[in-house]
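# Examining the three-dimensional arrangement
Okay, here's what each chain looks like letter by letter:
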Amino acid sequence: MNKFGRILGRILTGALVIILVVASGGLFYFKSYLPNTVAPQSFPQIDGALQVSGLDGQVDIYRDTMGIPHIYASTSHDIFFAQGYVHAQDRFWQMDAWRHIGSGELSEMFGESQLETDSFLRTLGWRKTAEAEWEQLGPDSLAILQAYTDGVNAYLKDHNDTALSLEYAVLGLLSPDYVIEPWEPVHSLTWGKAMAWDLRGNMGDEIERAELLKVLTPEQVALLFPEYPADHPVIVNEIPVDGQISKVEPDLGLSNFDYSSISLDSTAYNASLLDPVLGPLGDGIGSNSWAVSGKLTDTGMPYLANDPHLGIQMPSIWYQVGLHCSKKSDDCGLEVAGFSFAGVPGVIIGHNDKLAWGFTNVGPDVMDLYIEKVNPENPNQYEFNGEWVDFETYEETVNIVGGEPVTITVRKSRHGPVISDTYNPTKDVGDPKDKEFIPFKERTNLGLPDQYVIALAWTALTPSTPFEAIWGFDQAQNWEEFREAARGFHVPAQNLLYADVEGNIGYQMPGDIPIRKNGDGTLPVPGWTDEYDWEGFVPFEDLPYTFNPEEGYIVTANNQVNPWDYPYLITKDWDYGYRAQRIVDMIESAPGKIDQAYIQSMQGDATDLNSKSILPVWDEIDYKAETPNQAYALDLLTKWDSVCAADSQACALYQRFWWNLDENTFNDDLPEKNAVSGGSKEFETFRLILSTPDNFFWDDKLTEDVVETRDDIFVASLVETVEQLEKDYSKDPTKWPAWGELHSATFENGTLGKSGVSLIEGLFNRGPFETGGGQSLVNATGWDVGVGFEVDWLPSMRMIVDFSDLNNSLTVHTTGQSGHAYHPHYADMSPLWASVQYYPMWWDQDSIINDADGHLVLKP
């Protein structure tokens, strides 16, 4: 359980004990009263007519059999108003939690346990940045946000507490003084910052490299962070760039910089404070998308497929919706369907009547950590080019429900906010177990002097919102208009995949990509000089793009974007292209014309390319099994087809073996905090060292007088695997588990579902659902070596757009359309998602009406 859950759990446990002891039938309260009496109070009205002030005219909302609303109105204002209304109907708890995250106000919901997290969020300044964005928006964007906000508040006007969501019944035990406030437009904008953090790139890799350089040589660290493999695909093979631009040659001398006196523990700790509420950054983060042109398809028209990979959560991060002008005109140009964020107007990913688009994360290096030298005589000053300059400082007050406000002081250097300040309980104020430990509230403003602090430069802290670009995508009618909208997509940079009704396919990389004077963004850099400053951003015209490539397809899977001769540095920390390679292989080896069924099979593909590198090594090892079970295991592994289906015993065996092999190879060489996790980076490192049986990393440093080789580690890992399976399951290997028994998805409410109180978790969490796939596979159901086989990252939705007939498009997302526990649409999609099945992504109004379970009319 994470820190959020532990603290919240202790508080809730106390409240629960009181209920169980004082109230008669306490168990009845949680097992029957809340699910059967309280929960239905928040279920939305989906039929009939309601009079709602603020509308221009009548709005028709059809709910299909999956609970998805399709909104029809005569003005754009009413469409966005109604979208805010239905978001609040189905997902207001999620919206409320998200806005408190974005504004650094979790303590106002959950109390003092969230003070550290709020303090770090205030230091990052998401709310301040969003407020600056609001002031810069044009009139059309302001109108969209205001109409949406008015729709949310129209629903809040008549609903409160448990009429909004069951969670408020439990929150009342924890925070009885909590008051639900009206929605504000800036709340929508702050979620753009949260998503930018969620897709933030390589800050963790910067910290890890610096820490590893304290114990390993630069050459050894380079093996742990290998270059992108030359035999894996890039997204754009060639791009026209101004010939006058000279290729950037970063200064790589930082690998010899002495990091021994630089503590990055507090920076890493502060960043981890957001893991419980936004999910940790792992190798599983990413996405797949591909577009196939009509010359390769059965219909002669393109297919566009997309499945974004995000952290597992309940409810789904996505809210599916259709937004339709009753009659499309210059005054009402919306005709779009797809996936939105509850709390944000518009459709983030989907299609309109002319084109479709999908997202995968570029992962550009848009974060740099600067080591600032602090004046030992004045902690409010830092060095720059030989002079002491003042930090910019300001105070933030964190309000705590049921407690007293706490004021913190934020410091900013010329590079950005200082993110190593005053949050880590063990940083220069003792250990929590010691009497000398200074509690957080007492040390927040101490200004304890350090020789160095860490400041963060990050493009997301400059005012700009991705949502203006998205509203442009919603209404774009061709490639030129789509690219023009993409120009405004600054952060988080996404691989924008495109296809249209004219048969075109295209790709555009947007975003603010820093140009550095020196350095390649892989390590923290000295901030006391301007030698490592940013000099500007790559011009949009020079960012990679392609349109109707000769090969007839475009594949993006977080792999390297740019061609090898590209003059700018985007990042050194790409995903290593195993998913991309598999997708390309499947397209190029298709048995005939590619049809929709084949694309479904591609999205569900569970081939583990890593195993195709690992398992052939057994042919080179002179090993005779010592027990029948070892022989059984080795035979099962070497005959396995490398497919991680849910019912595959061989996959379960292999993944246990891979876990042990990964840890046995590297963890003896690494600090505990840098332990392996098993993703595509380690796939590639193994590929590099497998051919060198005496490589440094094969030797187990924990054994004395023995120098192990590759073969020794392989054998030891197999023996360990068999012993684990015998102990945990059976001496009879036929009773060893299949992959789905180990690898299941449990969807947990991001706040109350992680409390550690089983009665409360049982109200909101759903699962487990057995599934196939795995880490860095196309069906990217992520898990982590050293943590567990349970799914922690996943395809958050799957979408296949059919340009021969948009009404024939298919989709699914992870849980259900509703955010209300015990509602029929709370988790009805989860079995479909787990088995890679789909439902119709209705487009034609007649199909929507024929499939409708409800028709709600909003009248002014």
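## Focus on the sheet that holds strand S1 (residues 48-51)
The eleven strands lie next to each other as S1-S30-S2-S3-S6-S7-S8-S9-S16-S17-S21, forming an open sheet whose pairing is mixed. Because the sheet does not close on itself, it has two edges, and the strands there are S1 and strand S21 (545-547). Strand-to-strand twist of the sheet, defined as the mean angle between neighbouring strand axes without regard to direction, takes the value 15 degrees. In this structure, S1 lies alongside strand S30 (residues 852-859), joined through four bridges in parallel fashion. If you follow Ala 49 over to S30, its bridge partner there is Val 857. Contacts between helix H3 (residues 76-102) and the sheet are confined to S1, strand S2 (59-64), strand S3 (69-73), strand S6 (319-325), strand S7 (335-340) and S30, with S6 contributing the most and set at about 155 degrees to the helix.

## Looking at the environment of Ser 107
Residue placement: Ser 107 occurs in helix H4 (residues 107-110). Take Ser 107: its relative accessible area is 0%, and that puts it in the buried class. Ser 107 has contacts with Gln 114, Leu 115, Asp 118, Val 398, Asn 399, Ile 400 and Val 401, leaving out every residue within four places of it along the chain.

## Structural notes on the packing of aromatic side chains
Geometry of an aromatic ring pair is reported as the spacing of the ring centres plus the angle between the planes. Applying the stated criterion across every chain, the model contains 48 aromatic pairs. With centroids separated by 5.3 Å and ring planes inclined at 90 degrees, the aromatic side chains of Tyr 578 and Phe 683 adopt a geometry described as edge-to-face. Here the residue Tyr 578 occupies a position in helix H17 (residues 578-588), and Phe 683 occupies one in helix H22 (residues 680-689), the gap between them amounting to 105 residues. Residue classification places Phe 683 among the buried residues on the basis of a relative accessible area of 3%.

## Comments concerning unusual backbone geometry
Following Val 491, the chain continues to Pro 492 via a peptide bond in cis, the omega torsion being 0 degrees. Locating Pro 492 in the fold gives a position in the loop between helix H16 (479-486) and strand S16 (494-500). Omega for the peptide link from Gly 767 to Pro 768 comes to 5 degrees, which places this bond in the cis form. Within the secondary structure layout, Pro 768 lies in strand S24 (residues 766-770). In this structure, Asn 385 is a non-glycine residue whose phi angle is positive, near 50 degrees. Examined against the element boundaries, Asn 385 turns out to sit in the loop between strand S11 (378-384) and strand S12 (387-390). A positive phi angle is found at Tyr 822, which is not glycine, with a value near 80 degrees. Mapped onto the fold, Tyr 822 is located in the loop between strand S28 (810-813) and helix H26 (830-834). Owing to a relative accessible area of 33%, Tyr 822 belongs among the partly exposed residues under this scheme.

## Observations regarding the environment of Ala 631
Turning to its location among the elements, Ala 631 is positioned in helix H20 (residues 628-638). Considered as a pair, Ala 631 and Ser 316 are 315 residues apart in the sequence and their alpha carbons are 43 Å apart.

## Things to note about the pattern of salt bridges
Overall, the coordinates contain 32 salt bridges when judged by the stated rule. Residue Glu 396 pairs with Lys 128 through a salt bridge whose shortest N-O separation is 3.9 Å. Taken as a pair, Glu 396 in strand S13 (residues 392-398) and Lys 128 in helix H6 (residues 126-136) lie far apart in primary sequence, 268 residues in all. Residue Glu 396 is classed as buried on the basis of its relative accessible area of 11%. Through salt bridges with shared partners, a single network forms among Glu 211, Lys 214, Asp 265 and Lys 673.

## Quick look at the state of the cysteines
In this structure the tally under the stated criterion is two disulfides. Each sulfur of the disulfide joining Cys 325 and Cys 332 lies 1.9 Å from the other. In this structure, the disulfide formed by Cys 325 and Cys 332 twists by about -90 degrees around the S-S bond and is classed as left-handed. For the pair Cys 325 and Cys 332, one class covers both residues: buried. Paired through a disulfide, Cys 644 and Cys 651 show a sulfur-sulfur distance of 2.1 Å.

## What about helix H8 (residues 167-174)?
Counting buried positions along H8 yields six of eight residues, so the element is predominantly enclosed. The set of residues buried in H8 consists of Glu 167, Tyr 168, Ala 169, Val 170, Leu 171 and Leu 174.

## Details of the pairing of strand S17 (residues 505-508)
Burial along S17 is two-sided: Ile 505 and Tyr 507 and Gly 506 and Gln 508, pointing in opposite directions, are all buried. Of the strand pairs in this sheet, S16 and S17 are connected by four bridges, and their pairing is antiparallel. Considered in S17, the bridge of Ala 499 is made with Ile 505. If you look at the hairpin formed by S16 and S17, you'll find four residues sitting between the two strands, and Gly 503 has a positive phi there, around 95 degrees. By the bridge criterion, three bridges tie S17 to S21 in an arrangement that is antiparallel. From the neighbouring strand, Gly 506 faces S21, where its bridge partner is Phe 547.

## Looking at the pairing of strand S26 (residues 788-795)
Counting buried residues in S26 gives six out of eight residues, a clear majority hidden from the surface. When strand S5 (residues 303-311) meets S26, the two strands line up antiparallel, connected through three bridges. Bridged to Gly 311 within S26 is Trp 793. Of the pairings in the sheet, the one linking strand S25 (residues 782-784) to S26 comprises two bridges and is antiparallel in character. Looking at the pairing, Gly 782 lines up with Trp 793 of S26. Hairpin connection from S25 to S26: three residues lie between these consecutive antiparallel strands, with Gly 786 at a positive phi of about 85 degrees.

## Thoughts on the packing of H3 against H8
Two quantities define a packed helix pair, namely the angle between the axes and the distance from one axis to the other. Two numbers describe how H3 lies on H8: the axes approach to 11 Å, and their chain directions differ by 40 degrees. Comparing the axis directions of H3 and H8 gives the class oblique. Contact residues: H3 offers Phe 92, Trp 93 and Asp 96, while H8 offers Glu 167, Tyr 168 and Leu 171. Tallied by class, the residues present in the contact of H3 with H8 amount to four nonpolar, no polar and two charged.

Reading guide: rules and limits
- Residues numbered from 1 in each chain as written.
- Predicted model: local features only at pLDDT ≥ 70, side-chain atom pairs only at ≥ 80, totals over all residues.
- Heavy atoms only, no water.
- Pairing = 2+ DSSP bridges.
- Helix = DSSP H or I, 4+ residues; strand = E, 2+ residues; numbered from the N terminus.
- Axes fitted to C-alpha atoms, helices over the stretch in contact; angles between N-to-C directions.
- Contact = heavy atoms within 4.5 Å.
- Buried < 20%, exposed > 50% of the residue type's maximum accessible area, 1.4 Å probe, protein only.
- Phe/Tyr/Trp six-rings, centres within 6.5 Å; stacked < 30°, edge-to-face > 60°.
- Salt bridge = Lys/Arg side-chain N within 4 Å of Asp/Glu carboxyl O.
- Disulfide = S-S within 2.5 Å.
- Parallel < 35°, antiparallel > 145°, perpendicular 65-115°, else oblique.
- Nonpolar A, V, L, I, M, F, W, Y, C, P; charged D, E, K, R; others polar.

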